[in-house]
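# Structural description and commentary
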Amino acid sequence: MKKLFSFLITAFTFISIVYAQQVRHIETYNDAWSFYKGSLENPFSEALDINWEKVTLPHSWNTKDILDDEDGYYRGDGWYKKTAIIPKIYHNQQVFLLFEAANQVTSLYVNGKAVGEDHIGGYTTFARDITSALKEGTNEIAIKVNNAHNDEIIPQAADFSFYGGIYRDVHLIITKPVHFEVANLGANAIFIRTPEVSESSAKISVQSKVVRPKKGTYYVKQTLYDAQNNLVKTMKSKASYGNEVFSDFSISNPNLWSPESPYLYKLVSEIIDKKGNVYDRIENLVGFRWFRFDAKKGFFINGKQTKLIGTCRHQDFLGKANAVSDEIHRNDMRLLKEMGSNFLRIAHYPQDPAILEMCNKLGLVATLEIPFVDKAAANETGKQNSIKMLKEAIRFNYNNPAIVAWNLGNETTMKAPDKLGEAYTKHFVETHKVLGKTIKDEDDTRYSYCVFFREPAYQDKLGIRLTDLVGYNKYYGWYVEELKDIDKNLRSLVERSLALNPDKPFILSEYGGGADPRIRSYNPTRFDFSVEYQFELHKAYMKTILDMPEIVGANVWNYADFQVEHRKDAVPHINSKGLVSADRKKKDAYYLYQALLKKTPFLAIASKSWKKRAGIADAVGGDVATQPITVVGNGKDVELFVNGTSLGKKVFDFSTATFNVPLKHGNNLIEVVSEKEGELLKDFAIIEFTLQPKNLKSETNPFKEIAINVGSYCYFIETDNIDYLWMPDKAYEKGGYGYVGGDFLRFKSKRRNNIGTNVSVKGTENDPIYQTQRIGIEAYKFDVPKGTYELSILLAELKTKEDNIMDIVVNEKPVWSDINLKKQYGDDRGVMKRFLITVENDKGLTVSFNAKKGKTRLSGIKLRRVN
Ligand code: GCB
Ligand code: CA
């Protein structure tokens, strides 16, 4: 009997799914679009003599030009068109196109006629009813998207690229004439509220709107299922013509949604008639939870105090611009969950629906914002556009239990309003006020939020600290101040914020530092872009964040590296503050967060992605070089083995332990073993090590080849050259190699501790080698034995104004004379020349730099024994 019953249930479920598909047809509309980048006078003319490129959505036209050496990227019109045969599913069917997003003004034409008004804004979802524009047979759909700067549309300026295109999915939706409204502002027409939730009961209130003919009686049926698809509750409300339908009911003993246990119910909303025939059907996930922020004690969910820690995230992937697939979005969310985080700042604009779907499912508490970044949109129209965008963002994303706050802007005072005139300041302040009010009008179940970066008092004076929550982006230890003062600076900032508004919870909405995965250092310094500095920076922040309940939440900037066309850093066009790279490779700091945050046992060698390493032997004739290796984990202690030999145990201090490991030439096996809650934990790494002799004339370990990143404390891994490794620079010592004379390339910037610069270097991918230099250098010496060598010299003149001319002489023989880099090669260009040199005596090889005018310089040097 039991078996038969369960068979019946299965059969019933099956039938209801098939039936469900019959009542609302949804398909992606991504394939085989024809695309043209440019403006068209008469896009509908048959005679149009242009080349259309076939593309698949998601698509952006800026995948390449944001990464090249030319300044700027295409910002203008792009056209998409498609000949469509619309499937015939119902008699009198209604047809809609839903755009998850297109950046940033979208005009839709069907059979040459405009449908609906242009959609303004590049990040919110919208739908258009195309029914009346369609004809029998084939239809021509054309879409113009424009991403040019527009004073009236936010963002006005920001540290990300404003890629153009239909960069998210497009869906075709077909309904019966009787259906739930498809497009409220923001393309969501069912609003689910959970006004009262406790452990013993939960109220649910669902608002919907039925589009229907005047005659006939229709009902809205709401059915709630638990996570196992068991029916929990169902109710029916009459849909009177033209009115919203509210369905209110309650359930007892709800399974609550929380980061640890993101339990989700399913709500099925249907339109039925008296006989029970179904006309439309929409599903939504529902999470029951209650939460509050307390400025002194932090965030509470379902009554439980929960420290919110996670990252911010952009929609961006290396080489794809913002045209990122759902698979990548979902993978990102899984990596964030795996990191142990429970908090996501969806920055700086609403993102793909896949993101919030995963936040709901994985238990990531989220904040969502509109791209009011740096500066307000101009005039009243700009203000109205921003309000509309905020409404779209809230309405489309309304039903996600993960969201706890709506953020109206980011660093809006970046362009200091008081410097932009009185009229702007007034408009700017009003914009904040009206956006703050819009949040409350649209959704009084969540907190309003705004993110700043200037002094609390500055914001306060303007009167824009008006949201429930305030966020601060702070780059102590990176753009400003030193790493050692992070704790002091953070405490004092929080104090200043709370002194003004003791009840306004404080979120550290951004903090972080750049790390180019190609740069490694055992001597990390601020702004050197080394993976190690980033690790130390995050460790310092986390110490304070975890210790201060007044920092109710914190978001690392950023989850992943992202592309910014105008940014010039270690990797030009890339903001490298990610915990993973722009193609999602984990950096060391990612593992640190795992060790600090994960509740399950965890252990990792933090630098395991650094596989090819090198070092100078500890002693003359020695066969090892000792280098530090850091292990992260949440156990008590860890034991490390190198090539099978134990180096003993070390107790974790703030989840990290560093061993000094003797590495031999060739492959080294590093194994670490720890234990947590009875679980044995292991990790390993294989390091391919090049042991450089301390004495270059060594007979046991003869000199072969060395490359030096002159003017830098950092190793550089040439990843596009099979991880070719450049060593950090050092002063010359007898028997070895190194520079003589000169100083680091220094610019008047406090950031880099005055070492190097972050100019984008032309003609190379290895910018960091050229960005660091030794200026005024007299010589570079290698005490190598007799033989023939290939000597490579790397030079660049960066940001210089004066004339510099020098000669290079090797062992008294001029090899490269009258070098005027600026004149002969151009500004900011990397130049590399190779020379064949024979060393005929025991004096080794001395490369001398002689200034004829101005100063000498050297960026990198490489020496390889040929024979
Ligand atoms: C910020 C901005 C963010 C930038 C970041 C940075 O404060 O909010 O958009 O990318 O700093 O890396 O400078
Ligand atoms: Ca260098």
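Given the structure is predicted, the values throughout are model-derived calculations rather than measurements.

On to the overall build of the chain. Helix and strand counts for the chain come out as 11 helices and 55 strands. Relative to its length of 867 residues, the chain is compact, with a C-alpha radius of gyration of 31 Å against a globular reference of 29 Å. With the C-alpha coordinates of the chain rotated into their principal frame, the extents come out at 105 × 75 × 60 Å. Every one of the 867 residues in the chain was classed for burial, and the buried ones make up 59%.

A word on the pattern of salt bridges. In this structure the tally under the stated criterion is 46 salt bridges. Of the charged contacts, one joins Glu 369 and Arg 345 as a salt bridge, the two residues approaching to 2.8 Å between their closest N and O atoms. Here Arg 345 lies in strand S24 (residues 343-346) and Glu 369 lies in strand S25 (residues 365-369), a separation of 24 residues in the sequence. With a relative accessible area of 0%, Arg 345 lands in the buried category. As a salt-bridge pair, Lys 608 and Asp 683 come within 3.0 Å of each other at their nearest N and O atoms. With Lys 608 in the loop between strand S34 (603-605) and strand S35 (612-616) and Asp 683 in strand S41 (residues 679-692), this pair connects stretches of sequence that are 75 residues apart. Assessed through its relative accessible area of 24%, Lys 608 is described here as partly exposed. For Asp 683, a relative accessible area of 12% translates into the label buried. What you see here is one network of salt bridges that share partners, running through Lys 221, Glu 270, Arg 281 and Glu 283.

This part covers the nonpolar core. Ranked by size, the top nonpolar core spans 135 residues in total, and within it Met 333, Cys 359, Leu 508, Tyr 511, Tyr 541, Ile 545 and Val 632 carry the most contacts. Counting residues per element, this core draws most heavily on helix H9 (residues 588-597), at eight residues. Apart from the residues within four sequence positions on either side, Tyr 541 is in contact with Lys 474, Tyr 475, Tyr 476, Ile 486, Leu 490, Leu 508 and Tyr 511. Core analysis: the next-biggest nonpolar cluster, separate from the first, contains 37 residues, Ile 706, Leu 725, Met 727 and Ile 777 among them.

A word on the site of ligand 1. Neighbouring residues of ligand 1: 13 residues in total, closest Asp 159, Glu 411, Tyr 479, Glu 510 and Lys 577. Between ligand 1 and Arg 567, the relevant distance is 3.1 Å, taken from an oxygen atom to a side-chain nitrogen or oxygen of the residue. Taken by itself ligand 1 offers 320 Å² of open surface, and the protein chains cover 93% of this. A class-by-class count of the residues in the shell around ligand 1 yields four nonpolar, four polar and five charged.

A few words now on the coordination of the calcium ion (ligand 2). Donor atoms from the polypeptide that coordinate the calcium ion (ligand 2) comprise Asn 709 (OD1), Val 710 (O), Ile 769 (O), Thr 772 (O), Thr 772 (OG1) and Ser 859 (O), at 2.2 to 2.5 Å from the metal. Relative to the metal, the six donor atoms surrounding the calcium ion (ligand 2) lie at angles of 75 to 170 degrees, and the coordination shape comes out irregular. Sequence positions of the donors to the calcium ion (ligand 2) reduce to the motif N-V-x58-I-x2-T-x86-S. Of the two residues, Asn 709 is situated in strand S42 (residues 705-709) and Ile 769 in helix H10 (residues 767-771); the sequence distance between them amounts to 60 residues. For Asn 709, a relative accessible area of 2% translates into the label buried.

Let us look at the domain arrangement of the chain. For the chain, the domain assignment lists domain 1 (16-180), domain 2 (198-286), domain 3 (307-555) and domain 4 (696-867). Between the C-alpha centres of domain 2 and domain 3 the distance comes to 34 Å. Between domain 2 and domain 3, the contact holds seven residues from the first and 12 residues from the second. Between domain 2 and domain 3 lies a buried interface of about 700 Å² when both sides are counted; carbon and sulfur atoms form 68% of it. Sorting the residues of domain 2 by area buried against domain 3 places Trp 257, Pro 259 and Leu 285 first, and these three jointly supply 66% of that buried surface. Run the count over domain 2 and domain 3 and you get zero salt bridges. Across the domain 2-domain 3 interface, the total number found is three residue pairs in polar contact (both at pLDDT 80 or more). In terms of residue class, the side of domain 2 that touches domain 3 is built from five nonpolar, two polar and no charged.

This part covers the confidence of the model for the chain. Confidence in the prediction for the chain averages 95 pLDDT; 97% of positions are at 70 or higher. Overall, residues 1-21 carries pLDDT values under 50, and its contacts beyond four positions in sequence, including any with other chains, amount to four contacts.

Let us look at the packing of aromatic side chains. In the structure shown here, the tally under the stated rule is 42 aromatic pairs. Judged by centre distance (5.5 Å) and plane angle (40 degrees), the ring pair of Tyr 780 and Phe 782 falls under tilted. Just as Tyr 780 is buried, Phe 782 falls in that class too. Here a set of aromatic residues connected by ring pairs shows up, and it is made of Tyr 475, Trp 478, Tyr 479, Phe 527, Phe 529 and Tyr 533. Of note, Arg 446 hangs over the ring of Tyr 398, and the distance from its end group to the ring centre comes to 5.5 Å. Over the ring of Phe 659 we find Lys 650; its NZ or CZ atom is 5.6 Å from the centre of that ring.

So, how was this worked out
- Per chain, residue numbering runs from 1 following the sequence as it is written.
- Going through the entries in the order they are written, you letter the chains from A and number the ligands from 1.
- Thresholds applied to this predicted model are a pLDDT of at least 70 for local features of residues and 80 or more for the giving and counting of side-chain atom pairs; totals over whole chains, interfaces and linings are not thresholded and use all residues.
- Side-chain metrics in this entry use all non-hydrogen atoms of the structure; hydrogen atoms and water are not considered.
- Segments assigned H or I by DSSP are reported as helices when at least four residues long, segments assigned E as strands when at least two residues long, and all are numbered from the N terminus.
- This radius of gyration counts C-alpha atoms alone. The globule rule is 2.2 Å times how many residues there are, raised to the power 0.38.
- Under the scheme applied here, a residue whose accessible area is under 20% of the maximum for its type counts as buried, over 50% as exposed, and between as partly exposed, the area being computed with a 1.4 Å probe on protein chains only.
- Salt bridges are defined as contacts in which a side-chain nitrogen from Lys or Arg sits within 4 Å of a carboxyl oxygen from Asp or Glu.
- We call a set of buried residues a nonpolar core when its members are Ala, Val, Leu, Ile, Met, Phe, Trp, Tyr or Cys and they connect through side-chain atoms within 4.5 Å of each other.
- Two residues qualify as a contact provided that any one of their heavy atoms is within 4.5 Å of a heavy atom in the partner residue.
- A single heavy atom is enough: if one lies within 4 Å of a molecule or strand, its residue is considered near that molecule or strand.
- For this analysis, a polar contact is any N or O atom pair within 3.5 Å, provided that within protein one partner can donate a hydrogen and the other can accept it, and provided that sequence-adjacent residues contribute only side-chain to side-chain pairs.
- All accessibility values rest on the Shrake-Rupley procedure with a 1.4 Å probe; residue burial counts only the protein chains present in the view.
- Three categories are distinguished: nonpolar for Ala, Val, Leu, Ile, Met, Phe, Trp, Tyr, Cys and Pro, charged for Asp, Glu, Lys and Arg, and polar for the others, with Gly belonging to the last.
- Each metal site lists N, O and S donors within 2.8 Å (3.2 Å for Na, K and Ca). With water left out of the atoms, a site can look as if it is missing ligands.
- A four-donor site is called tetrahedral if each angle lies between 85 and 135 degrees; a four-donor site is square planar, and a six-donor site octahedral, when trans pairs exceed 155 degrees and the remaining angles lie between 65 and 115; all other cases are labelled irregular.
- Domain limits in this description derive from either an automatic procedure or a database domain assignment.
- Throughout, buried area stands for the accessible area (probe radius 1.4 Å) lost by two parts on being put together, summed over both.
- Along the chain, pLDDT gives the predictor's confidence residue by residue, from 0 to 100.
- Aromatic pairing here means that ring centres of Phe, Tyr or Trp (its six-membered ring) are within 6.5 Å. Orientation follows from the plane angle: under 30 degrees is stacked, over 60 is edge-to-face, and everything else is tilted.
- Whether a charge lies above a ring is judged from NZ of Lys or CZ of Arg, which has to be within 6 Å of the ring centre and within 35 degrees of the ring normal.

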